[in-house]
Amino acid sequence: MPSPPEQNRIATEQEQFWAGEFGDDYTDRNAVLPEQRRPFFCKVLNLTEGVQSICELGANRGHNLLALQSVNPNLRLTGVELNAKAFGVLASHAGIEAVQSSIQDFAPEGRFDCVMICGVLIHLNPEDLPAVYRKMARLANRYVLINEYYNPTPVELSYRGH
């Protein structure tokens, strides 16, 4: 079920961009096989204790969640995705709760043992990052996984002409 949007909040330029045609095209290009991600998530889960629920912010098609599901089919998995096309693919996967929402508007009733984000923060306005970090910490019972490109200071790069 979608989370209700925050009152009077206007979608950011980045949210509008990724919710539209550019995000659709990204979804078409980004068909990663879960088996490609499985070794990474095996290592991650081996470093944790008691993880039963995981929420991925910006889950796109769900390839990370499918990899996690293949490692442990008993995990309660939730994927949050803004783009309607990606959400449609995500929602088609059995055993994964799909929520169509921006990260900023996502407001679940409960918390998760692990909250993760993979390759999404680089696409957010640097001014929005502190709020996203706080949200991840609030949503996580124990673990936060940030799997991102890193630069000590934000750098704007051209990405596919944008």
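Above this text is the structure in question.
What you see is a predicted model, and the numbers here were worked out from it, not measured in a lab.

Caption draft 1: Spotlight on helix H3 (residues 34–46). Counted at 1.5 Å a residue, the expected span for H3 with its 13 residues is 18 Å, and the 18 Å between its end C-alpha atoms agrees. When the local axis directions of H3 are compared, the greatest deviation, roughly 30°, occurs at Phe40. For H3, the complete set of buried residues consists of Pro34, Phe41, Val44 and Leu45. Here the buried face of H3 lies against strand E1 (53–57), helix H4 (63–71), strand E4 (112–118) and strand E5 (140–147).

Caption draft 2: Expanded view of unusual backbone geometry. In this model, Asn60 sits at a positive phi of 50°, which is unusual for a non-glycine residue. Secondary-structure assignment places Asn60 in the loop between E1 and H4.

Caption draft 3: View of the sheet that holds strand E2 (residues 76–81). Spatially, the five strands line up as an open sheet ordered E3-E2-E1-E4-E5, and their pairing is parallel. Single-partner strands in this sheet number two, and they are strand E3 (96–100) and E5. The average angle at which neighbouring strand axes cross in this sheet is 20°, direction not considered. Note that E1 and E2 share five bridges and pair parallel. Its bridge partner being in E2, Glu56 is matched across the sheet by Gly79. Running at roughly 145° to E5, H3 makes contact with E1, E4 and E5 of the sheet. On the sheet, helix H6 (residues 129–139) packs against E1, E4 and E5 and is oriented at approximately 140° with respect to E5.

Caption draft 4: Geometry of the layout of surface pockets. A volume near 680 Å³ is recorded for the second largest pocket. Lining the second largest pocket we find 32 residues, and of these Tyr26, Cys118, Gly119, Val120 and His123 sit closest to its centre. Among the residues making up the lining of the second largest pocket, the classes are represented as twelve nonpolar, 15 polar and five charged.

Caption draft 5: Here's a closer look at the packing of aromatic side chains. Per the stated rule, a full pass over the model turns up two aromatic pairs. Arranged with centres 5.0 Å apart and planes meeting at 75°, the rings of Phe40 and Phe41 form a pair that is edge-to-face. Pairing Phe106 with Phe112 gives two aromatic rings, centres 6.5 Å apart and planes at 25°, and the pair type is stacked. You can call Phe106 buried: its relative accessible area is 4%.

Cut-offs applied
Residues numbered from 1 in each chain as written. Predicted model: local features only at pLDDT ≥ 70, side-chain atom pairs only at ≥ 80, totals over all residues. Heavy atoms only, no water. Helix = DSSP H or I, 4+ residues; strand = E, 2+ residues; numbered from the N terminus. Expected span 1.5 Å × (residues − 1). Bend = angle between axes of the 7 residues up to and from the residue. Buried < 20%, exposed > 50% of the residue type's maximum accessible area, 1.4 Å probe, protein only. Contact = heavy atoms within 4.5 Å. Pairing = 2+ DSSP bridges. Axes fitted to C-alpha atoms, helices over the stretch in contact; angles between N-to-C directions. 1 Å grid on protein atoms, 1.4 Å probe; cavity = no way out; pocket = protein on both sides within 12 Å on 5 of 7 lines; lining within 4 Å. Points joined across faces, edges and corners; volume = space filled by probe spheres on them. Nonpolar A, V, L, I, M, F, W, Y, C, P; charged D, E, K, R; others polar. Phe/Tyr/Trp six-rings, centres within 6.5 Å; stacked < 30°, edge-to-face > 60°.

Bear in mind that shape data such as this cannot, by itself, settle questions of function.
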